[in-house]
Amino acid sequence: QAHIVESGGGLVQPGGSLRLSCTSSEIDFRDDMMGWYRQAPGKQREMVAAITTWGLANYEDHVKGRFTISRDNVVNTVTLSMDNLLPDDTAVYYCNSALPTKQYGWGQGTQVTVSS
């Protein structure tokens, strides 16, 4: 099954920054509303940011003002810039369609760990 590939995660101290990216050589999601999701240990996956095809963004309250979602439709990529990271942001981050009825196969995600 075709899927999306996420990258850019890592270990960062509280207050630090990371930039996540997702792309796919198999799926063209340039016409899709896309979202970044995260799943922390023992919790359900939740969407933290979404972006329309023309660049209008929306954020979950806990990340508003700290995370920025963007996309480059020329190269079929969606990016999540994360600043002022908190320990509660620790999770595996995934990228997929923001529409539950049109989601693609889930990739492996990228691990973000915020710890001192």
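One structure accompanies this document, and this report is about it. Just so it is clear, the structure is predicted and the values come from calculations on it, not from any experiment. The numbering scheme is per chain: residues are counted from 1 as the chain's sequence reads. For a predicted model such as this one, the threshold for reporting local features is a pLDDT of at least 70, and the threshold for listing and counting side-chain atom pairs is 80 or more; totals across whole chains, interfaces and linings nevertheless cover every residue. By convention in this description, side-chain values take in all heavy atoms of the structure and omit both hydrogens and water.

Re the sheet that holds strand 9 (residues 91-97)
Following DSSP output, two strands are said to pair if at least two bridges run between them. Secondary structure elements follow DSSP: runs of H or I of four or more residues count as helices, runs of E of two or more count as strands, with numbering from the N terminus. With respect to topology, six strands assemble into an open sheet ordered 2-10-9-4-5-6, the strand pairing being mixed. Since the sheet does not close on itself, it has two edges, and those belong to strand 2 (10-12) and strand 6 (57-59), each with one partner. Each strand axis lies, on average, 25 degrees off the axis of its neighbour in the sheet, ignoring direction. Direction of pairing for strand 4 (residues 34-39) relative to strand 5 (residues 46-51): antiparallel, over a ladder of five bridges. Looking across to strand 5, one finds that glycine 35 is bridged to alanine 50. Lines fitted to C-alpha atoms define the axes, with helix axes restricted to the stretch in contact, and inter-axis angles between N-to-C directions lie between 0 and 180 degrees.

Remarks on the sheet that holds strand 8 (residues 77-82)
An order of 1-3-8-7 is seen for the four strands of this open sheet, with the pairing classed as antiparallel. At either margin of the open sheet sits one strand with a lone partner, and together these are strand 1 (5-7) and strand 7 (67-72). Pairs of neighbouring strands in the sheet enclose a mean axial angle of 15 degrees, with direction left out of account.

Points about the nonpolar core
Nonpolar core, defined: a set of buried Ala, Val, Leu, Ile, Met, Phe, Trp, Tyr and Cys residues in which side-chain atoms within 4.5 Å join the residues together. Each residue is placed in one exposure class: buried if its accessible area under a 1.4 Å probe, protein chains only, is under 20% of its type's maximum, exposed if it is over 50%, and partly exposed if it falls in between. Judged by nonpolar contacts, the single largest core of 27 residues is most densely connected at Trp36, Val78, Leu80, Met82 and Tyr93. Contributions of two or more residues to this core are made by strand 3 (18-23), strand 4, strand 5, strand 7, strand 8, strand 9 and strand 10 (110-114). Should any heavy atoms of two residues lie within 4.5 Å, those residues are considered in contact. Not counting residues up to four positions away in its chain, the partners in contact with leucine 80 are Leu18, Arg19, Leu20, Trp36, Val48, Ala49, Phe67, Thr68, Ile69 and Tyr93.

Re the environment of histidine 62
As for its position among the elements, histidine 62 is in the loop between strand 6 and strand 7. Among the residues examined, histidine 62 registers a relative accessible area of 60% and is labelled exposed. In the structure, histidine 62 is positioned 53 residues away from serine 115 in sequence and 18 Å away in space, judged by C-alpha atoms. Polar contact criterion, stated in full: a pair of N or O atoms within 3.5 Å, where within protein one must be able to donate a hydrogen and the other to accept it, and residues adjacent in sequence count only if both atoms are side-chain atoms. Side-chain polar atoms of histidine 62 contact the side chain of glutamate 60, separated by 2.5 Å.

Some details on the pairing of strand 9
Strand 9 sits mainly inside the fold: seven of its seven residues count as buried. Where strand 4 meets strand 9, six bridges bridge the pair, whose relative direction is antiparallel. Among the inter-strand pairings, glutamine 39 is bridged to a residue of strand 9, identified as valine 92. Looking at chain direction, strand 9 and strand 10 are connected through three bridges and run antiparallel.

A few points about the side chain of threonine 52
By secondary structure assignment, the location of threonine 52 is in the loop between strand 5 and strand 6. Residues in contact with threonine 52, not counting those within four places in the same chain, are Met33 and Arg71.

Comments concerning the state of the cysteines
Cysteine sulfur atoms that come within 2.5 Å of each other are treated as a disulfide pair. Scanning the entire structure with this criterion turns up one disulfide. Covalent S-S linkage joins cysteine 22 and cysteine 95, the inter-sulfur distance amounting to 2.1 Å. Note that cysteine 22 is positioned in strand 3 and cysteine 95 in strand 9, a separation of 73 residues in sequence. The residues cysteine 22 and cysteine 95 share a single accessibility class, namely buried.

Some remarks on the packing of aromatic side chains
Whether two aromatic rings pair depends on their centres lying within 6.5 Å, for rings of Phe, Tyr and Trp, where Trp uses its six-membered ring; planes under 30 degrees apart make the pair stacked, over 60 edge-to-face, and the rest tilted. For the coordinates displayed, the defined rule picks out two aromatic pairs. Consider the rings of tyrosine 37 and tryptophan 106, whose centres lie 5.0 Å apart with planes at 85 degrees: the pair is edge-to-face. You can see tyrosine 37 sitting in strand 4 and its partner tryptophan 106 sitting in the loop between strand 9 and strand 10, a full 69 residues away along the chain. Taking the relative accessible area as the measure of exposure, tyrosine 37 reaches 8% and is therefore buried. Residue tryptophan 106 is classed as partly exposed on the basis of its relative accessible area of 30%. An aromatic cluster of at least three residues, connected via ring pairs, comprises Tyr37, Tyr94 and Trp106. Only when the NZ of Lys or the CZ of Arg is both within 6 Å of the ring centre and within 35 degrees of the ring normal is a charge said to sit over the ring. When the ring centre of tyrosine 94 is taken as origin, the NZ or CZ atom of arginine 45, which lies over that ring, is 4.8 Å away. Cation over ring: arginine 45 sits above tryptophan 106, and NZ or CZ is 3.6 Å from the ring centre.

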